[in-house]
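Here is what each chain is made of, one letter per residue.
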Amino acid sequence: MKKPKIDLFREKAIHRYIKALDEGDMEGVAEILEMCLDDPELERIITEINLAYHEEEQLKPIAIDAQLIRDLIRQHLHSAFTSQDQSQSLELKALQAEEKPLTVGDVAKRLKQTNVPLEQEVLQQLLKSSVPLPKSLSIQAIKQLAAQLQIKVSDRFLDIFRNTAIMLSIGQSHTQALQAAREQSTRYTTSPNSSKPVKKTRKMENEQ
Amino acid sequence: MSKRTANVSHSVKLTQKQQLLSEVIEQNCSYLQQITQVYVSRVIKRFGNKFELTANPHTIETVTQEIFNDTVETALKIADKFDINRSPQAWLLGIAANKVKEWQRDQTYKSNKVVSLAELPQARQLNQQSSSDRLSEEEILGLLYQSSELSTPESQLMFEDLLSLVNDSDQEILKLVFVDGKSGKSLAASLGITEGAANTRKHRAIERVRKAYFRAYQEQKEGK
């Protein structure tokens, strides 16, 4: 009978794992688990051994409360986010906010809220506008925008509109970041989205 | 890539990894808890007397739940260190094993049974002695495989000598492995037990050969 080829390296790892378990040597156990990270066959064998030990030790299975586990994960996800990683999360939201440009309607809305005496008819018309603000908020660019929107307003209106647009642009990242922080702090205590499966995408793999 | 973009990219990866690990924990929580329970049980059975703990089911369960909770928390906090191309289960169990080790150290420290500074040289000498008293796993595996594979009368004699060092039950399993070439599932089928139990029996038998072989070698060296 032809003997199968033996992988001595793997055999040695299995031997060391069993020996470490028998001796209560967790350092040895952790060393072999490290090897399992890149060796699916070794991991499969170790999994079988683990289950055999559980049976051999005659351990009573611990009652699993799925909801408790979910709560545990959410609790720790929340703490992970609210500590060292919150600032990074805020930056992510801020960057996303930057990608969504402010519109003429956003500026008109702010002007409406401030109750500055301006041409109300025009302001009302601009409230519904989804035309994005120009990248440059120079006087010339604002005048061109007014022409594009086909509105006839005073220079004072254009000045106030421009100043408000500049203030909104500066404040956008900050405001959205604060909103993101508020969302983030409640997300993992109210939303059941942790049960949604996460698929390992090619993009994720390529990022490694 | 700007520093800010790099931070954002890091944040996205961290979130994805945390969610991936959460999924693995939820789907495998029963297995992960069971194996953490095995680790806790092994440590308490082996070292429990040092920190005055008995291996009763209640103690094992309480410590396991504490360590499992700690493992989940740590895994999610250090999720950025997890490589998604590697096994998440093995990574999580590695954290659990290290947590059990930390718990063991804390218990030993609390019970004031830590080796004092004055005792250190003796302790070191004792450790050195015990490690030099060993024949490595690699050596014994090599010896068993080589002696069983070579068909010369000397190698056959060597293999029989090695087998004679252990009891009948161990001899039976070692013959199945080294003579019949059985492993994994085929070995389990021959013994009528699970693959995990078969591997455990096989490697415990090898370990007994290793110890007995070295004992015999020492006795011969000392002229007994």
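Residues numbered from 1 in each chain as written. Chains lettered and ligands numbered in written order. Predicted model: local features only at pLDDT ≥ 70, side-chain atom pairs only at ≥ 80, totals over all residues.

Engineer: Let's hear about the overall build of chain B: which residues, and what values?
Structural biologist: Counting its secondary structure elements, chain B contains nine helices and zero strands. Looking at chain B residue by residue over its 224 residues, the buried ones come to 35%. Expressed as a percentage of contacts within chain B between residues at least 6 apart in sequence, the contacts between residues at least 24 apart total 67%. (Helix = DSSP H or I, 4+ residues; strand = E, 2+ residues; numbered from the N terminus. Buried ≥ 20, exposed ≤ 12 C-beta atoms within 10 Å, placed from the backbone. Contact = placed C-beta atoms within 7 Å.)

Engineer: Mind laying out the overall build of chain A, listing which residues take part and the relevant values?
Structural biologist: Each helix and strand counted, chain A has ten helices and zero strands in total. The linear arrangement of helices and strands in chain A, starting from the amino end, is α-α-α-α-α-α-α-α-α-α. Burial analysis of chain A (208 residues in total) assigns 24% to the buried set.

Engineer: Give me the lowdown on the interface of chain A and chain B, citing residues and values where you can.
Structural biologist: On the side of chain B, 71 residues touch chain A, which itself brings 61 residues to the contact. Where the side of chain A that touches chain B is concerned, the elements lending two or more residues are helix H1 (8-22), helix H2 (26-36), helix H3 (40-56), helix H4 (66-82), helix H5 (86-99) and helix H10 (202-207) of chain A. Element by element, the count of residues in the side of chain A that touches chain B is highest for H3(A), at ten residues. Looking at the side of chain A that touches chain B residue by residue, the classes come out as 33 nonpolar, nine polar and 19 charged. (Nonpolar A, V, L, I, M, F, W, Y, C, P; charged D, E, K, R; others polar.)

Engineer: With reference to specific residues and values, describe the packing of helix H8 (residues 184-191) of chain B against helix H9 (residues 195-221) of chain B.
Structural biologist: All names here are of chain B. One can describe the packing of H8 onto H9 by two numbers: an axis separation of 8 Å at closest approach and a directional angle of 90°. As summarised for this structure, H8 and H9 are arranged roughly perpendicular, according to the angle between their axes. Across the interface between the two elements, Gly184, Lys185, Leu187, Ala188 and Leu191 of H8 pack against Glu195, Ala198 and Lys202 of H9. Of the residues assigned to the contact of H8 with H9, the class counts are four nonpolar, one polar and three charged. (Axes fitted to C-alpha atoms, helices over the stretch in contact; angles between N-to-C directions. Parallel < 35°, antiparallel > 145°, perpendicular 65-115°, else oblique.)

Engineer: Mind laying out the confidence of the model for chain B, listing which residues take part and the relevant values?
Structural biologist: The predicted model of chain B averages 84 in pLDDT, with 83% of residues at 70 or higher. Element-level mean pLDDT values for chain B span from 52 in helix H4 (residues 120-132) of chain B up to 94 in helix H7 (residues 168-178) of chain B. (pLDDT = per-residue confidence, 0-100.)

Engineer: How would you sum up helix H5 (residues 137-149) of chain B? Please name residues and give values.
Structural biologist: The end-to-end C-alpha separation of H5(B) is 18 Å, in line with the 18 Å expected for 13 residues at 1.5 Å each. For H5(B), the complete set of buried residues consists of Glu137(B), Ile140(B), Leu141(B), Leu144(B), Ser147(B) and Ser148(B). For H5(B), the angular spread of buried residues about the axis comes to 145°, placing them on one side. In the core, the buried residues of H5(B) are packed alongside H1 of chain A together with helix H6 (153-164), H7 and H9 of chain B. (Expected span 1.5 Å × (residues − 1). Arc of directions from axis to C-beta.)

Engineer: Explain the environment of Ser130(A) to me, and be specific about the residues and the numbers.
Structural biologist: Residues and elements named next belong to chain A. Take Ser130: it is sitting in the loop between helix H7 (120-126) and helix H8 (139-149). Considering only alpha carbons, one finds Ser130 and Gly105, 25 residues apart in sequence, at a separation of 5.8 Å. The contact partners of Ser130, leaving out residues within four places of it in the chain, are Thr103 and Gly105.

Engineer: Tell me about unusual backbone geometry, residues and numbers included.
Structural biologist: Residue and element names in this part refer to chain A. The residue Gln58 is not glycine, and still its phi comes out positive at about 55°. With respect to the helices, strands and loops of the structure, Gln58 is situated in the loop between H3 and H4. Phi at Gln150 takes a positive value of approximately 55°, unusual for a residue other than glycine. The class for Gln150 is exposed, based on 7 C-beta atoms found within 10 Å.

Engineer: Account for the nonpolar core, naming residues and giving values.
Structural biologist: Grouped together as the largest cluster of nonpolar side chains are 51 residues, with contacts concentrated most on Tyr17(A), Val29(A), Tyr39(B), Ala97(B) and Val100(B). Elements with a minimum of two residues in this core: H1, H2, H3 and H4 of chain A together with helix H1 (3-47), helix H2 (57-77) and helix H3 (88-110) of chain B. Top contributing element to this core by residue count: H1(B), with eleven residues. Those residues in contact with Val29(A) that lie beyond four places of it in its chain are Tyr17(A), Ala20(A), Leu21(A), Tyr39(B) and Ala97(B). Ile140(B), Leu187(B), Ala198(B) and Ile206(B) belong to the second-largest nonpolar core, a separate cluster that totals 17 residues. (Core = buried A, V, L, I, M, F, W, Y, C linked by C-beta atoms within 7 Å.)

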